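# Structure assessment
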Amino acid sequence: MTEHVEWGEPDAPAAPATGAAVTPADAADAARLVAFGLQPRLQPSRDQEYTELLRRYREDPPFARLADAVATGLGLVVLEVSPRAGMAVTAAEDSVFAVRMGDYARRASADSGDRFLHGLAHLAVAAMAFPRPEDLADDGYIGRVSVNGVDAFVRQACRRLEERADERGVNTDPATDAPGLEAAWRIWARRSSTGATKDARRLAGSTTGIVGKAVTFLTESGFLQRTGDDAGGTYRTTARYQLQVRDLAGSAALAELLELGVVPVTDGTATLLPAEDTDDMDLVADAGLPFHS
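What comes next concerns the included structure.

Moving on: the nonpolar core. Membership of the largest hydrophobic core comes to 32 residues, with the highest contact counts inside it found for Val125, Trp188 and Tyr241. For this core, the leading source of residues is helix 6 (residues 115-129), giving 9 residues. If we ignore the near neighbours within four places in the chain, the residues touching Trp188 are Leu117, Leu120, Ala121, Asp151, Val154, Arg155, Cys158, Thr207 and Val211. The next biggest cluster of nonpolar side chains, apart from the first, holds 19 residues, and it includes Tyr50, Leu53, Tyr57 and Ala91.

What follows covers the pattern of salt bridges. This structure, assessed with the given rule, holds 14 salt bridges. Between Asp29 and Arg56 there is a salt bridge whose closest N-O contact spans 2.9 Å. On the criterion of sequence distance, the pair formed by Asp29 in helix 2 (residues 24-37) and Arg56 in helix 3 (residues 48-59) is long-range, its members being 27 residues apart. Classification of Asp29 as partly exposed rests on a relative accessible area of 26%. Salt bridges sharing common partners tie together Asp26, Asp29, Arg56 and Asp60.

A few words now on the packing of helix 8 (residues 147-168) against helix 10 (residues 207-220). For the pair helix 8 and helix 10, interaxial distance at closest approach is 9 Å and the crossing angle is 120°. By the angle between their directions, the pair helix 8 and helix 10 is classed as oblique. Of the two possible hands of crossing, helix 8 and helix 10 adopt the one that is right-handed. Contacts between helix 8 and helix 10 involve Val147, Asn148, Val150, Asp151 and Arg155 from the first element and Thr207, Thr208, Val211, Gly212 and Val215 from the second. Tallied by class, residues from the contact of helix 8 with helix 10 come to 4 nonpolar, 4 polar and 2 charged.

With that settled, consider a nonpolar patch on the surface. The grouping of Leu38, Leu74, Val96 and Phe97 at the surface amounts to a nonpolar patch, some 360 Å² of accessible area in total. Mapping Phe97 onto the fold places it in the loop between strand 2 (86-91) and helix 5 (101-108).

Moving on: the side chain of Thr207. If you trace the backbone, Thr207 turns up in helix 10. By relative accessible area, which is 0% here, Thr207 ends up buried. Within the structure, the side chain of Thr207 is placed 3.0 Å from the side chain of Arg155, a separation counted as a polar contact. Each residue touching Thr207, except ones within four places of it in the same chain, is listed here: Asp151, Arg155, Trp188, Arg191, Ser192 and Ser193.

What follows concerns the environment of Glu49. In this structure, Glu49 sits in helix 3. With relative accessibility at 38%, the residue Glu49 sits in the partly exposed group. The spatial distance from the C-alpha of Glu49 to the C-alpha of Phe36 is 9.6 Å, given a sequence separation of 13 residues. In this structure Glu49 touches Arg32 and Phe36, once residues within four positions along its chain are discounted.

Attention now goes to helix 6. Compared with the 21 Å implied by 1.5 Å per residue over 15 residues, the 22 Å span of helix 6 between its first and last C-alpha is a close match. Judged by how many residues are buried, helix 6 sits mostly within the fold: 14 of 15 residues are covered.

What follows covers helix 4 (residues 61-73). Between its first and last C-alpha atoms helix 4 spans 18 Å; for 13 residues at 1.5 Å apiece the expected length is 18 Å, and the two agree. Residues of helix 4 that are buried include every one of Phe63, Ala64, Leu66, Ala67 and Ala71, and no others. Along the axis of helix 4, the buried residues cluster in a sector spanning 160°; they form a single face. Seen from the buried face of helix 4, the exposed residues on the opposite side, beyond 90 degrees, are Arg65, Thr72 and Gly73. Against helix 2, helix 3, strand 1 (76-82) and strand 2 lie the buried residues of helix 4. At the exit of helix 4 stands Gly75, carrying a positive phi of roughly 75°.

This brings us to the pairing of strand 5 (residues 234-237). Within a regular strand, the side chains alternate between the two sheet faces. As paired elements, strand 3 (residues 144-146) and strand 5 share 3 bridges and run antiparallel to each other. Paired with Ser146 across the bridge in strand 5 is Thr234. The pairing of strand 4 (residues 224-228) with strand 5 spans 4 bridges and is classified as antiparallel. Across the sheet, Gly228 pairs through a bridge with Thr234, a residue of strand 5. In this structure, the hairpin formed by strand 4 and strand 5 is closed by a connection of 5 residues, where Ala231 is found at a positive phi of approximately 55°.

About the criteria used
- Counting restarts for each chain, with residues numbered from 1 along the sequence as it is written.
- The predicted origin of the model limits local features to residues at a pLDDT of at least 70 and limits the giving and counting of side-chain atom pairs to 80 or more, whereas totals for whole chains, interfaces and linings rest on all residues.
- In computing side-chain properties, one takes all heavy atoms of the structure into account and sets aside hydrogens as well as water.
- Joining through side-chain atoms within 4.5 Å is the link that ties buried Ala, Val, Leu, Ile, Met, Phe, Trp, Tyr and Cys residues into a set, and such a set is a nonpolar core.
- Each residue is assigned to one of three classes by its accessible area relative to the maximum for its type, calculated with a 1.4 Å probe on protein chains only: buried under 20%, partly exposed between the two thresholds, exposed over 50%.
- Numbering of helices and strands starts at the N terminus; helices are DSSP runs of H or I of at least 4 residues and strands are runs of E of at least 2.
- Contacts are assigned to residue pairs that have any heavy atoms within 4.5 Å of one another.
- By salt bridge we mean one thing: a side-chain nitrogen of Lys or Arg within 4 Å of a carboxyl oxygen of Asp or Glu.
- Whenever a helix is involved, its axis is fitted only over the stretch in contact; in every case the axis is a line through C-alpha atoms, and angles between N-to-C directions fall within 0 to 180 degrees.
- Roughly parallel covers angles under 35 degrees, roughly antiparallel covers those over 145, roughly perpendicular covers 65 to 115, and oblique covers all other angles.
- A crossing counts as left-handed when the near helix is turned anticlockwise from the far one by less than a right angle, and as right-handed when that turn is clockwise.
- Under the scheme applied, nonpolar residues are Ala, Val, Leu, Ile, Met, Phe, Trp, Tyr, Cys and Pro; charged residues are Asp, Glu, Lys and Arg; polar residues are all the others, including Gly.
- What makes a patch is a set of residues exposed beyond 30% relative accessible area and free of salt bridges, joined within 9 Å when like-charged and within 5 Å when nonpolar (Val, Leu, Ile, Met, Phe, Trp, Tyr).
- Only the protein chains shown count as cover for residues, and all accessible areas are computed by the Shrake-Rupley method using a 1.4 Å probe.
- N or O atoms within 3.5 Å of each other form a polar contact, as long as, within protein, one can give a hydrogen and the other can take it, and as long as residues adjacent in sequence are counted only when both atoms are side-chain atoms.
- Take the number of residues in a helix, subtract one, and multiply by 1.5 Å to get its expected span.
- The directions considered for the arc run from the helix axis to the C-beta atoms.
- By the convention used here, strands pair only if DSSP detects at least 2 bridges between them.

Geometric descriptors of this kind do not, in isolation, establish any biological role.
Okay, here's the thing in structure tokens:
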């Protein structure tokens, strides 16, 4: 009898289902969900497998932790997992998936000096799409922008900066420690809006050409959806773009642009409103949404 008890004591009760070991199938499903998240233009409502994996993420905490771990291992940050946004991820600075402003600008233009203008275009799109904190916080809010509207927005910001420089009597070449936007407004203001072709086609190096590249990139990345051809091209924001801008809303670059008081309206045009006097903020030279400096 004693021997029988000794052999039986090591037996432990079966582990609960929630504590079951991770199977290769679980790992494959988690990786599959992250792979869906890396296809930003894919809408969950149009893919049954994607929808089912999202449901599992929400209802199965161990699976959710596994999917988060897979994303982390790939250098991704999970912004949200929901039916509206899918598995929305953004690349961490050291991720192989990170896109850098310098690389983007080199692909978009042969002139390396245009890098800052490309970053400014992305900042302007973000500022026009979500000009108020309540817009950025409202999951149901849809921002609307146009290529010509973004260009007009930046040019009005340039005029505002020029006025400030005139008021201070420093409307000359900017000092090396001047705020980033103040150091760049002359470049944008002096650049042709469309170019010099006979049919007024948009040249790549024109400011509307630069904005056009920005919104095309954002559309291909699942952040914007094209809605029409008016005003150089009109676009609406997606849930993923709102999450992206929300994640980077504290950047000094975006705050500096919004502080100028150029407030957009919903049709993608821009209007200049008086801004309260606040201290200028530094703009990192490579700053630009949704890039890493």
